[in-house]
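Survey of secondary and tertiary structure
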Amino acid sequence: MSHKDYESLLKGPHADYYTGRWEYYREVVEIVKRENAKSTVELGPGFMPIVKNGDIILNPLDDSFGKPSESDSKVYIFDATIKPWPIADKAYDMFIALQVWEHLDSKQTRAFREVMRIAKKAVLSFPYHWDGGIIEKPSHRAHRDIDMELIRDWTLGIKPKQTIEIGRTGSEFSKGPRMICFWDFSD
């Protein structure tokens, strides 16, 4: 994804959702470039994946956050909370999941084992210390109380090679801070 691609999202019908996301998208794009990831797979990419022509994983259920309108790459459709995933061992250089891990219905550790199996490296972003008033939507509940201890629990205690904290990008609940974590499983 380039900044120009991102700006196109801001001109579309989901501009409110994407406003403020470039701050962490940019960091993830830089990690993918730095690591020279030739093959990628992204879980729940929304309306545009981070890597153009990268493979994607979509939930079989309708996703209110959307899916890419077109893809020239492989599209897997399966529930990421159920294993094994229909992907070969170490099939990808990089696995990407941005702001989706908290929605895996207490199956994060199971999914992380699959990530380690299918990819040499991974980058995930999490809502981080999100606060706010009344829980307006059930989906907001999944975003609360996420700290490094919970992230370590979800990722089997495996220390990321890099962490990047992104500050709040707006006053709305969904614009809270984020934590980006990068792992290299090939070491």
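Structural data are supplied above this passage.
A few words on the sheet that holds strand E7 (residues 178–184). Sheet architecture is open: 7 strands sit in the order E3-E2-E1-E4-E5-E7-E6, paired in mixed fashion. What marks the edges here is a single partner per strand, and that holds for strand E3 (75–77) and strand E6 (162–166). When the angles between neighbouring strand axes are averaged without regard to direction, this sheet yields 15°. In this structure, E6 lies alongside E7, joined through 5 bridges in antiparallel fashion. For Ile164, the partnering residue across the bridge sits in E7 and is Ile180. Contacts from helix H4 (residues 108–118) reach strand E1 (40–43), strand E4 (92–98), strand E5 (119–127) and E7, with the element oriented near 145° to E5.

Quick look at the packing of aromatic side chains now. In this structure the tally under the stated criterion is 14 aromatic pairs. Seen in terms of ring centroids, Tyr6 and Tyr25 are 6.1 Å apart; in terms of plane orientation they differ by 90°. Their pairing is edge-to-face. Within this pair, whereas Tyr6 is found in helix H1 (residues 3–10), its partner Tyr25 is found in helix H3 (residues 22–34), the two being separated by 19 residues in sequence. Considered together, Tyr6 and Tyr25 belong to a single accessibility category, that of buried residues. Measuring from ring centre to ring centre gives 5.8 Å for Phe112 and Phe185, while their planes differ by 80°; the resulting arrangement is edge-to-face. In this pair, Phe112 is assigned in helix H4 and Phe185 in the segment after E7, connecting sequence segments 73 residues apart. Across this residue pair, the class does not change: Phe112 and Phe185 are buried.

How each quantity is defined
Residues numbered from 1 in each chain as written. Predicted model: local features only at pLDDT ≥ 70, side-chain atom pairs only at ≥ 80, totals over all residues. Heavy atoms only, no water. Pairing = 2+ DSSP bridges. Helix = DSSP H or I, 4+ residues; strand = E, 2+ residues; numbered from the N terminus. Axes fitted to C-alpha atoms, helices over the stretch in contact; angles between N-to-C directions. Contact = heavy atoms within 4.5 Å. Phe/Tyr/Trp six-rings, centres within 6.5 Å; stacked < 30°, edge-to-face > 60°. Buried < 20%, exposed > 50% of the residue type's maximum accessible area, 1.4 Å probe, protein only.

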